[in-house]
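# Structural overview for review
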Amino acid sequence: MKYSEAEKKLRKFGCRWHEDGGSHPLWISPVTGKKFPMSYHRSEEIKPGTLKSICKLSGVKL
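Description of the structure in this document. Since the structure is predicted, the reported quantities are computational estimates derived from the model, not experimental observations.

### Considerations on the overall build of the protein chain
Scanning the protein chain for helices and strands turns up 2 helices and 3 strands. If you list the helices and strands of the protein chain from N to C, you get α-β-β-β-α. In terms of its C-alpha atoms, the protein chain occupies a principal-axis envelope of roughly 25 × 25 × 20 Å. Expressed as a percentage of the 62 residues in the protein chain, the buried residues total 31%. Contacts in the protein chain between residues at least 24 apart in sequence constitute 43% of all its contacts with a sequence separation of at least 6. By element, 54% of the accessible surface of the protein chain is carried by carbon and sulfur atoms, the whole surface being about 4,200 Å². The averaged location of the 6 negative side-chain charges in the protein chain is 8 Å from the averaged location of its 13 positive side-chain charges.

### Description of helix α2 (residues 48-58)
Listing the buried residues of α2 in full gives Leu51, Ile54, Cys55 and Ser58. The buried side chains of α2 occupy one side of the element, clustering within an arc of 100° when seen end-on. Exposed side of α2, more than 90 degrees from the buried face: Gly49, Lys52 and Lys56 are the residues found there.

### Section: the pattern of salt bridges
Counting across every chain of the model gives 3 salt bridges. Glu19 serves as the salt-bridge partner of Lys35, at 3.3 Å between the closest nitrogen and oxygen. With Lys35 in strand β3 (residues 35-37) and Glu19 in strand β1 (residues 16-20), the pair connects residues that are 16 residues apart, well separated along the chain. Take Glu19: its relative accessible area is 30%, and that puts it in the partly exposed class. Residues joined by salt bridges that share partners form a network here, namely Glu7, Arg11 and Arg42.

### Quick look at the pairing of strand β2 (residues 25-28)
One face of the sheet, then the other: side chains in a regular strand alternate in exactly this way. For β1 and β2, the ladder comprises 4 bridges, and the chain directions are antiparallel. Of the residues in β2, the one forming a bridge with Arg16 is Ile28. The pairing of β2 with β3 spans 3 bridges and is classified as antiparallel. Bridging across to β3, Ile28 finds its partner in Lys35. What sits between the antiparallel neighbours β2 and β3 is a turn of 6 residues, in which Gly33 has the positive phi angle 75°.

Definitions and limits used
- Residues numbered from 1 in each chain as written.
- Predicted model: local features only at pLDDT ≥ 70, side-chain atom pairs only at ≥ 80, totals over all residues.
- Heavy atoms only, no water.
- Helix = DSSP H or I, 4+ residues; strand = E, 2+ residues; numbered from the N terminus.
- Buried < 20%, exposed > 50% of the residue type's maximum accessible area, 1.4 Å probe, protein only.
- Contact = heavy atoms within 4.5 Å.
- Areas by Shrake-Rupley, 256 points an atom, 1.4 Å probe, with all protein chains shown as cover.
- Lys, Arg positive; Asp, Glu negative; His and termini not counted.
- Charge placed at Lys NZ, Arg CZ, Asp CG, Glu CD.
- Arc of directions from axis to C-beta.
- Salt bridge = Lys/Arg side-chain N within 4 Å of Asp/Glu carboxyl O.
- Pairing = 2+ DSSP bridges.

Below, the structure is given as structure tokens:
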């Protein structure tokens, strides 16, 4: 899955960009209330461990 695809799915669940976190943009999830990092490289594939972490922090199964 590419970051651009993940962003579309996360937006459907109400997740949104929160702030620039230095090298990565930080998103926030209304499901968990937690912030999680994404990537500026929207065309790159998400590595399996990173995808698992995003799912866990966002509370959204991608």
